[in-house]
Amino acid sequence: MTKVKKEKGTKEEEAGATETVGTEKSYQELIANINPIANPLATKKLSKKLYKCVKKASKLKQIRRGVKEVQKFINKGETGIVVLAGDTLPIDVYCHLPVMCEDRSLPYAYIPSKVDLGSSAGSKRPTCVIMIKSHEDYKEAYDECFEEVSALPKPL
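Conventions we followed
- Residues numbered from 1 in each chain as written.
- Predicted model: local features only at pLDDT ≥ 70, side-chain atom pairs only at ≥ 80, totals over all residues.
- Heavy atoms only, no water.
- UniProt positions renumbered as here; feature names shortened; annotations may be inferred.
- Core = buried A, V, L, I, M, F, W, Y, C linked by side-chain atoms within 4.5 Å.
- Buried < 20%, exposed > 50% of the residue type's maximum accessible area, 1.4 Å probe, protein only.
- Helix = DSSP H or I, 4+ residues; strand = E, 2+ residues; numbered from the N terminus.
- Pairing = 2+ DSSP bridges.
- Axes fitted to C-alpha atoms, helices over the stretch in contact; angles between N-to-C directions.
- Arc of directions from axis to C-beta.
- Contact = heavy atoms within 4.5 Å.

Under an unreviewed UniProt entry, the protein chain has the name H/ACA ribonucleoprotein complex subunit 2 and belongs to Oncorhynchus mykiss. Looking at the protein chain in UniProt, the text filed under Subcellular location (unreviewed entry) is "Nucleus, Nucleolus". For the protein chain, the Sequence similarities (unreviewed entry) comment in UniProt is given as "Belongs to the eukaryotic ribosomal protein eL8 family."

What follows is the structure, encoded as structure tokens:
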């Protein structure tokens with residue numbers, strides 16, 4: 001039994017690539033699958049800014065990814081913007097993080113999709129929590145996101 005090598009750029013693969021682009025969900029469709037605790041929810045415009053900031057930070061290795069890692073560095077006193085995915089189930093996985101952020105006065109916001117959050121961080125896996133750390137190379141984008149996330153109304 002020998003393996004059959006596929007030719008690169010076959011018509012089937014190209015057709016598959018165009019189908020995946022068309023399956024992206026709109027912001028309204030993503031909001032329909034959000035948890036009840038996803039408050040404060042970032043607007044569509046702020047979500048895009050956060051995705052771009054995450055992308056810039058991940059290129060410079062200035063992010064903390066995942067519940068365990070983010071929780072550890074919040075406890076150690078590290079500062080940054082905490083971005084949580086609103087469609088994570090079960091809620092118990094990360095429901096303690098907003099309370100930790102409020103205790104340490106860290107800004108946090110929910111975005112609609114963990115898949116989009118993971119892909120913006122340069123990963124194929126969905127990610128439910130990311131902390132963006134400050135850096136000189138993307139200071140303007142970070143400060144703009146920091147201001148807007150801080151201005152979001154906190155839940156009661």
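Picking up where we left off.
Draft legend 1. Main features of the nonpolar core. Counting 22 residues, the largest nonpolar core has Leu50, Ile81, Val83, Ile111, Leu117, Ile130 and Ile132 as the members making the most contacts within it. Residue assignment for this core shows that the elements contributing at least two residues are helix 3 (44–59), strand 2 (81–85), strand 3 (108–111), strand 4 (129–132) and helix 7 (139–151). Sorting elements by how many residues they give to this core places helix 3 first, with six residues. The next biggest cluster of nonpolar side chains, apart from the first, holds 17 residues, and it includes Ile34, Ile74, Met100 and Leu106.

Draft legend 2. Here's a closer look at the sheet that holds strand 4. Here four strands make up an open sheet; going across it, the order is 1-4-2-3 and the pairing mixed. Unpaired on one side and paired on the other, strand 1 (63–65) and strand 3 mark the two borders of the sheet. Adjacent strand axes in the sheet meet at a mean angle of 20 degrees, parallel and antiparallel pairs treated alike. Pairing analysis gives four bridges linking strand 2 to strand 3, with the strands arranged parallel. By the bridge assignment, Leu84 is partnered in strand 3 with Tyr110.

Draft legend 3. A look at helix 4 (residues 67–75). Every buried residue of helix 4 is listed here: Val67, Val70, Phe73 and Ile74. The buried residues of helix 4 occupy an angular sector of 145 degrees when projected down its axis, which confines them to one face. Looking at the packing, one finds that the buried side of helix 4 touches strand 1, strand 2, helix 5 (97–103) and strand 4. After helix 4 finishes, the residue Gly77 shows a positive phi value of roughly 100 degrees.

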